[in-house]
Amino acid sequence: MNYWLMKSEPDAFSIEALARMPRKTAHWDGVRNFQVRNMLRDQMRKGDLAFFYHSSCAVPGIVGSMKVSRAGYADFTAFVPENPHFDPRSRPEKPLWYMVDVTLVRRFPRPITLTELRRHAVLKNMLILRRGNRLSITPVTAKQWHFILKLAADT
DNA sequence: GCCAACGTTGGC
DNA sequence: GCCAACGTTGGC
């Protein structure tokens, strides 16, 4: 089983919005970066776990956890001309872009902020903390995953 | 295949 | 709003 961290700007899609979805499940669509596409298509499996990270907001940080409830499949928003993520290079018979479904596991009692993540030496290799990191999905090690869960639990 | 220009991301 | 970092594009 794999662990991930998935970023979203809360103005676009927040953990609160995920909590309001039927069955607390949503498509993680709109990814238009090839490295992340490859993770969605080739590596993310049903049952994997992921942190939900709020970016580009007042307090960036991890706000909860999710599970991957459907492995990678074609991101159909790329086929819809009216969609802001439309990409004519992607066709239903040969999709260029992929998405997964995610289901909320739980919201943390408090956000584990970016500032707090930076304070812990154990987490210093997290990709999210690397300068200039722009990938919207990054792998997390089991050690990092459990350490952060503990931070959330010790609130 | 190189690389400059451009666009986007995201913290501050 | 600024700016550093980096991916993508397109001319050559």
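As a reminder, the structure under discussion sits directly above these lines.
Just so it is clear, the structure is predicted and the values come from calculations on it, not from any experiment.

Asks: Even after reading the chapter, I still don't get the environment of F13, so can you show me in this structure?
Replies: In this structure, F13 sits in the loop between β1 (3-8) and α1 (15-20). Distance from F13 to H54, taken between C-alpha atoms, is 8.9 Å for residues 41 residues apart in sequence. Ignoring anything within four residues of it in the chain, the contact list for F13 reads S8, L18, A26, W28 and F52.

Asks: Looking at this structure, I do not really get the nonpolar core. What am I missing?
Replies: Of all hydrophobic cores here, the largest spans 24 residues; its most connected members are M6, W28 and I137. Those elements giving two or more residues to this core turn out to be β1, α1, β2 (25-28), α2 (34-43), β3 (49-54), β4 (61-74) and β5 (98-113). Per-element tally for this core: the top contributor is β5, with 4 residues. Apart from the residues lying within four places of it in its own chain, the contact partners of W28 are M6, K7, S8, F13, F52, M66, M99, V100, V102 and I137. Within the second largest apolar cluster, 18 residues are counted, among which are Y53, F108, I128 and W145.

Asks: I keep staring at unusual backbone geometry and nothing clicks. Help me out?
Replies: Both trends apply: most residues other than glycine have a negative phi, and most peptide bonds are in trans. In this structure, R23 takes a positive phi of about 55 degrees despite not being glycine. Locating R23 in the fold gives a position in the loop between α1 and β2. Even without being a glycine, K24 presents a positive backbone phi close to 50 degrees. Tracing the backbone shows K24 in the loop between α1 and β2.

Asks: Help me understand the protein's contact with DNA strand B, please; the structure alone is not making it clear to me.
Replies: Around DNA strand B, the neighbouring residues are K7, Y53, S55, S56, P60, L114 and R134. Within 4 Å of the protein, the atoms of DNA strand B are drawn from sugar and phosphate moieties in a proportion of 76%. With respect to DNA strand B, the side chain of Y53 contributes an N or O atom lying 2.8 Å from a phosphate oxygen. In the environment of DNA strand B, a base oxygen lies 2.6 Å from a nitrogen or oxygen atom belonging to the side chain of R134. Among the residues forming the surface near DNA strand B, the class breakdown is 3 nonpolar, 2 polar and 2 charged.

Asks: I keep staring at the pattern of salt bridges and nothing clicks. Help me out?
Replies: Opposite charge on two side chains lets them pair, provided their charged atoms get close. Overall, the coordinates contain 6 salt bridges when judged by the stated rule. For R32, the salt bridge identified is with D75, shortest N-O distance 2.9 Å. With R32 in the loop between β2 and α2 and D75 in the loop between β4 and β5, this residue pair connects regions lying 43 residues apart in the sequence. Among the salt bridges present, the one from R91 reaches E93, with a minimum N-O distance of 4.0 Å.

Asks: Help me understand the protein's contact with DNA strand C in this model?
Replies: Taken together, N33, F34, Q35, R89, R131, G132 and R134 are the residues near DNA strand C. The protein-proximal atoms of DNA strand C, defined as those within 4 Å of the protein, are 76% sugar or phosphate. Taking R131, its side chain carries an N or O atom lying 2.2 Å from a phosphate oxygen of DNA strand C. Within the side chain of R134, an N or O atom sits 2.3 Å from a base oxygen of DNA strand C. Across the surface near DNA strand C, the residue classes break down as 1 nonpolar, 3 polar and 3 charged.

Rules used throughout
- Residues numbered from 1 in each chain as written.
- Chains lettered and ligands numbered in written order.
- Predicted model: local features only at pLDDT ≥ 70, side-chain atom pairs only at ≥ 80, totals over all residues.
- Heavy atoms only, no water.
- Helix = DSSP H or I, 4+ residues; strand = E, 2+ residues; numbered from the N terminus.
- Contact = heavy atoms within 4.5 Å.
- Core = buried A, V, L, I, M, F, W, Y, C linked by side-chain atoms within 4.5 Å.
- Buried < 20%, exposed > 50% of the residue type's maximum accessible area, 1.4 Å probe, protein only.
- Near = heavy atom within 4 Å.
- Polar contact = N/O pair within 3.5 Å; in protein donor to acceptor, adjacent residues only side chain to side chain.
- Nonpolar A, V, L, I, M, F, W, Y, C, P; charged D, E, K, R; others polar.
- Salt bridge = Lys/Arg side-chain N within 4 Å of Asp/Glu carboxyl O.

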